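# Coordinates in review
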Amino acid sequence: MTDSKYFTTTKKGEIFELKAELNSDKKEKKKEAVKKVIASMTVGKDVSALFPDVVNCMQTDNLELKKLVYLYLMNYAKSQPDMAIMAVNTFVKDCEDPNPLIRALAVRTMGCIRVDKITEYLCEPLRKCLKDEDPYVRKTAAVCVAKLHDINAQLVEDQGFLDTLKDLISDSNPMVVANAVAALSEIAESHPSSNLLDLNPQSINKLLTALNECTEWGQIFILDCLANYTPKDDREAQSICERVTPRLSHANSAVVLSAVKVLMKFMEMLSKDLDYYGTLLKKLAPPLVTLLSAEPELQYVALRNINLIVQKRPEILKHEMKVFFVKYNDPIYVKLEKLDIMIRLASQANIAQVLAELKEYATEVDVDFVRKAVRAIGRCAIKVEQSAERCVSTLLDLIQTKVNYVVQEAIVVIKDIFRKYPNKYESVIATLCENLDSLDEPEARAAMIWIVGEYAERIDNADELLESFLEGFHDESTQVQLQLLTAIVKLFLKKPTETQELVQQVLSLATQDSDNPDLRDRGYIYWRLLSTDPVAAKEVVLAEKPLISEETDLIEPTLLDELICYIGTLASVYHKPPSAFVEGGRGVVHKSLPPRTASSESTESPETAPAGAPSGEQPDVIPTQGDLLGDLLNLDLGPPVSGPPLATTSVQMGAVDLLGGGLDSLMGDEPEGIGGPNFVAPPAAAVPANLGASMGSGLSDLFDLTSGVGTLSGSYVAPKAVWLPAMKAKGLEISGTFTRQVGSISMDLQLTNKALQVMTDFAIQFNRNSFGLAPAAPLQVHAPLSPNQTVEISLPLNTVGSVMKMEPLNNLQVAVKNNIDVFYFSTLYPLHVLFVEDGKMDRQMFLATWKDIPNENEAQFQIRDCPLNAEAVSSRLQSSNIFTVAKRNVEGQDMLYQSLKLTNGIWVLAELRIQPGNPSFTLSLKCRAPEVSQHVYQAYETILKN
């Protein structure tokens, strides 16, 4: 009879019976009893009461019984630490047993008992097992060190186990080497700064020797360890690649992917002119193709990795297009991934094949797949110019099928083709217009409206077409409403006489009747442009658009480099770095590809320094946020680019007669022009109350910055802190803080020269950051900075720089250069310097927005030890641009409803509950970007407590 009988019993009072059986003299009865205990434990019954009786059974020669007792021990030691100490003697004894299996079992179980009291007793047995003559015991002990380090790192270091572990890398047995590498890698991940795996050519050689004889998991550990090594030159990189290449033919796909990772990383150091480079490219293709004959789940993982490899080195698989053709029985997730790779590999040589295949896919039954296939045809047109005509005619054939979702996708991609090849394929517009009534998806409707607006002069009934959309304006999605507004304004600028009523109607719908802030803002801007300077309006709205790029969905280069270092792991499947999905600090060391060596670089670019010269150049792409300052090493410290210049039109802000005949030049010399009764100015009521002063015409000027906005806000300024100590910057000390006054942000710096030489030629640059902060002017230090001299500088900032989400959100990485060197530091800017002056929301709008933002986006915080009353709180926050929209008193509590707006247009709504006499306030924040909430709360704390 099998062991399943142990799981079928449901007797009551069996603990007592088991106790008796465990203390029986008969060995068989004992073993049966322990099996019953383990069965009960497995199904979730509490059998911890039997702990002393089970531990007594440890004194046995029977290996099966010993394993069962050890299993019980691992499970209950944590809840019974005092009892577990009873087992220590047996462990110590078992570690000296003549049978290596028992020695290994003892050391493995010791590692799994996570009880602090016991760990110190286990050091001696573990030390013996690490030096055991049997390799099976040594390899088990190596893993035990990593487990012990997780429980008590200090103990492991004090006992010298790490040094013993390093010695095991030179062990004669390959499995011991592999486990030692795995253990050291595990420990190194939790202590990134420890430099435990101090790899050098000698230890690498030992690892490569062990590689050939390991089990598959051992090979993976060793290959992953090799991937963290940076060879000293291209010769060493080539030698390692040659010894790793045979792993590509391994039967286990994990080994293959680990080998591919090592080769992809070290190829960075090889010159493309080397014969070996070409050979390696050829060798990498077959194993990747073989991975695609596995089951679908493995295929998907392989395809996600291949997607990265193709973005980095498309030449590896450029001749293997056929293996990515979709099979009828592929699951949808495999089909979509294959489709993506097909487009990445599409080139002039294979485009005919690819298009024929894609056209076939567009007639499939799977809707998601068909949509993606139609999009793929458009992407091919954009990527391979020679095929554009063929792609367009294929898309037209698909439109003729009249299948609704195919037609809609085709229209979306044709819009992109028009953007890429202007004035080439506009003859198809008539066909597109025929299908106007069948469009029901927002993206397709928006694309069609864009086409009608962009080519209005070629479509006779453009006004009728756009008017048909206007009838259900409020039922449309925001995307369609915005597109419709822009299209009608374009149409009006092209055919002013015929479409005056239409533009009036859409501007009124967008401003007076809409509660969407984006739509209202755009409506007001167009209204203002049209009623003040039609020439400027034409220049802005009908400006030539930049051509769209062929690959819009490529992964950003530095993120791609990091993901290549994680091939074969979850990061390569998610296409995100581990820091994005691994909680806590473990295992999120940022990796990057090794730099190209001088010898390989000299063949790549003519500008490189000769081999002996110091190489000063850096790559010209700023990497993603890697190690805190590494990204800044690439910054070009020339004068910063300031914000875009203001258009020099005839508009004088705040002093324009908005009702004058501003559009006469467009309309011909009609006596009334648009300024007469026909063209009504934007209504004053719809303009936010705090913007602009009342004007002669009765209209608040939308852009008048003289009232409300221009007043000097007493925004809280933190005291200066030392950002860069002199000892880290060769004598230059930098202190600073951030301020916001009259709508402009500045970084107030104090530079002190603590060196013995004069400092000159200062320059500053910021890395990309979450809110696009950038210097608006060069760093002006007018006189040389003499030793022991201090100078104070206010550096104006703007928010038009490059944007990249940082961790934390308000992290700013800065590079400062002078005649001595370039120095790097990072600082956190307080978020309230980004709160803009027009952040007061209208009451109705506040209510609607609060309801509209989902409840899961709400965050609650406690502000403690703040003795202010509601009035003082409100005025103090207002001085930092947090505006009180409304105030209520509910059951003796003051409720302040507040709004603020960040420089990038994100609104944050707040409810602040203040109980008179209680210094603790409750702050509830709602925002469409919830990651901002924590930093807004910190701003509240800072402002209210200082």
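The rules behind the values
Residues numbered from 1 in each chain as written. Predicted model: local features only at pLDDT ≥ 70, side-chain atom pairs only at ≥ 80, totals over all residues. Heavy atoms only, no water. UniProt positions renumbered as here; feature names shortened; annotations may be inferred. Helix = DSSP H or I, 4+ residues; strand = E, 2+ residues; numbered from the N terminus. Buried < 20%, exposed > 50% of the residue type's maximum accessible area, 1.4 Å probe, protein only. Contact = heavy atoms within 4.5 Å. Core = buried A, V, L, I, M, F, W, Y, C linked by side-chain atoms within 4.5 Å. Domains from an automatic or database assignment. Expected span 1.5 Å × (residues − 1). Phe/Tyr/Trp six-rings, centres within 6.5 Å; stacked < 30°, edge-to-face > 60°. Axes fitted to C-alpha atoms, helices over the stretch in contact; angles between N-to-C directions. Left-handed = near helix turned anticlockwise from the far one by under 90°. Nonpolar A, V, L, I, M, F, W, Y, C, P; charged D, E, K, R; others polar. Pairing = 2+ DSSP bridges. Parallel < 35°, antiparallel > 145°, perpendicular 65-115°, else oblique. pLDDT = per-residue confidence, 0-100. Salt bridge = Lys/Arg side-chain N within 4 Å of Asp/Glu carboxyl O.

As named in an unreviewed UniProt entry, the protein is AP complex subunit beta, taken from Ursus maritimus. Under Subcellular location (unreviewed entry), UniProt gives the following word-for-word description of the protein: "Endomembrane system". In its Sequence similarities (unreviewed entry) section, the UniProt record describing the protein reads: "Belongs to the adaptor complexes large subunit family."

## Some words on the overall build of the protein
Helix and strand counts for the protein stand at 38 helices and 13 strands. Buried positions account for 51% of the 946 residues belonging to the protein. A sequence separation of at least 24 residues applies to 67% of the contacts in the protein between residues at least 6 apart.

## A few points about the nonpolar core
Grouped together as the largest cluster of nonpolar side chains are 217 residues, with contacts concentrated most on Y72, L126 and F418. Two domains share this core, each providing at least three of its residues, namely domain 1 (346-436) and domain 2 (441-544). Residues contacting Y72, with those up to four places away along its chain left out, are V37, I38, M41, V47, S48, L50, F51 and V54. The next biggest cluster of nonpolar side chains, apart from the first, holds 62 residues, and it includes L785, L902, A910 and Y940.

## Let's talk about helix α28 (residues 478-494)
Between its terminal C-alpha atoms α28 stretches 24 Å, which fits the 24 Å expected from 17 residues at 1.5 Å a residue. With 14 of its 17 residues buried, α28 lies for the most part within the structure.

## Observations concerning the side chain of T164
Its location among the elements puts T164 in helix α12 (residues 161-167). With a relative accessible area of 14%, T164 lands in the buried category. Not counting residues within four places of it along the chain, the set of residues in contact with T164 comprises L130 and K131.

## A short note on the packing of aromatic side chains
According to the stated counting rule, one finds 13 aromatic pairs in the structure shown. Taking the centre distance of 6.1 Å and the plane angle of 65° together, the rings of F738 and Y829 count as edge-to-face. Of the two residues, F738 is situated in strand β2 (residues 732-741) and Y829 in the loop between β8 (822-828) and α36 (843-852); the sequence distance between them amounts to 91 residues. Y829 gets classed as buried once you look at its relative accessible area, which sits at 0%. With centroids separated by 5.9 Å and ring planes inclined at 20°, the aromatic side chains of F846 and W850 adopt a geometry described as stacked. With F846 and W850 both in helix α36 and 4 residues apart, the pair spans about one turn of that helix. Within the aromatic cluster, the residues linked to one another by ring pairs are W723, F738, F771, F825 and Y829.

## Here's the deal with the packing of helix α1 (residues 14-22) against helix α2 (residues 27-42)
The contact between α1 and α2 brings their axes to 8 Å, and the two run at 145°. For the pair α1 and α2, the crossing hand works out as left-handed. Note on element contacts: α2 touches α1 through K29, K30, A33, V34, K36, V37 and S40, opposite E14, L18, E21 and L22. Here the contact of α1 with α2 is built from residues that sort into 5 nonpolar, 1 polar and 5 charged.

## Description of the sheet that holds strand β13 (residues 921-927)
With antiparallel pairing, 5 strands are arranged side by side in an open sheet as β9-β13-β12-β11-β10. If you trace the sheet from one side to the other, it starts and ends with β9 (858-863) and β10 (883-890), each paired once. Direction aside, neighbouring strands of the sheet carry axes that sit 20° apart on average. With 7 bridges connecting them, β10 and strand β11 (residues 893-901) associate as antiparallel partners. By the bridge assignment, K887 is partnered in β11 with L896. Running over the sheet, α36 touches β9, β10, β11, β12 (907-914) and β13 and is turned about 95° from β12. Here helix α38 (residues 933-945) sits on the sheet in contact with β9, β11, β12 and β13, set at roughly 25° to β9.

## Some remarks on the environment of L130
Along the chain, L130 turns up in helix α9 (residues 123-130). Taking C-alpha positions, L130 is 6.7 Å from A142, a pair spaced 12 residues apart along the chain. The residues contacting L130, other than those within four sequence positions of it, are R138, A141, A142, V145, F161, T164 and L168.

## Quick word on the packing of helix α7 (residues 100-112) against α9
Relative orientation and spacing of two packed helices are given, respectively, by the angle between their axes and the distance between those axes. Contact pair α7 / α9: the axes reach a minimum separation of 11 Å and the direction vectors enclose 130°. Accordingly, the angle class assigned to the pair α7 and α9 is oblique. α7 and α9 meet at a crossing whose hand is left-handed. For the pair α7 and α9, contact is made by R103, V107 and M110 and by P125, L126 and C129, respectively. Classifying every residue of the contact of α7 with α9 gives 5 nonpolar, no polar and 1 charged.

## So, the confidence of the model for the protein
The predicted model of the protein has a mean per-residue pLDDT of 79, with 84% of residues at 70 or higher. Between residues 598-681, whose pLDDT stays under 50, and residues either more than four places distant or in other chains, the model counts 156 contacts.

## With respect to the sheet that holds strand β4 (residues 763-766)
Pairing in this open sheet of 3 strands is antiparallel, and the strands run β4-β7-β8 from one edge to the other. Edge positions in the open sheet fall to β4 and β8, since each of these has one partner strand only. Across the sheet, the axes of successive neighbouring strands diverge by a mean angle of 25°, strand direction being ignored. In terms of strand pairing, β4 meets strand β7 (residues 811-817) through 4 bridges, oriented antiparallel. Paired with A763 across the two strands is K817, which belongs to β7.

## Structural notes on the environment of T499
Looking at where T499 falls in the secondary structure, it is placed in the loop between α28 and α29 (500-511). On the basis of relative accessible area, T499 is assigned to the buried category, the value being 0%. Each C-alpha atom of the pair T499 and I488 lies 8.3 Å from the other, and the pair is 11 residues apart in sequence. In contact with T499, not counting residues within four places along its chain, are D463, L491 and F492.

## Examining unusual backbone geometry
Leaving glycine aside, a negative phi is the common case for residues, and trans is the common case for peptide bonds. Cis peptide bonds are those with omega within 30 degrees of zero, and the linkage from E807 to P808 qualifies with -5°. As for its placement among the helices and strands, P808 is situated in the loop between β6 (790-798) and β7. The phi torsion at E891 lies on the positive side, around 50°, for a residue other than glycine. Along the polypeptide, E891 turns up in the loop between β10 and β11.

## Quick look at the pattern of salt bridges
Enumeration over the complete set of coordinates arrives at 36 salt bridges. Among the salt bridges present, the one from K31 reaches E64, with a minimum N-O distance of 2.9 Å. Here K31, found in helix α2, pairs with E64, found in helix α4 (residues 63-76); they are 33 residues apart in sequence, far enough to count as distant. What makes E64 partly exposed here is its relative accessible area of 35%. Among the ionic pairs, K261 bridges to D224, the shortest N-O distance being 2.9 Å. On the criterion of sequence distance, the pair formed by K261 in helix α17 (residues 253-267) and D224 in helix α15 (residues 216-227) is long-range, its members being 37 residues apart.

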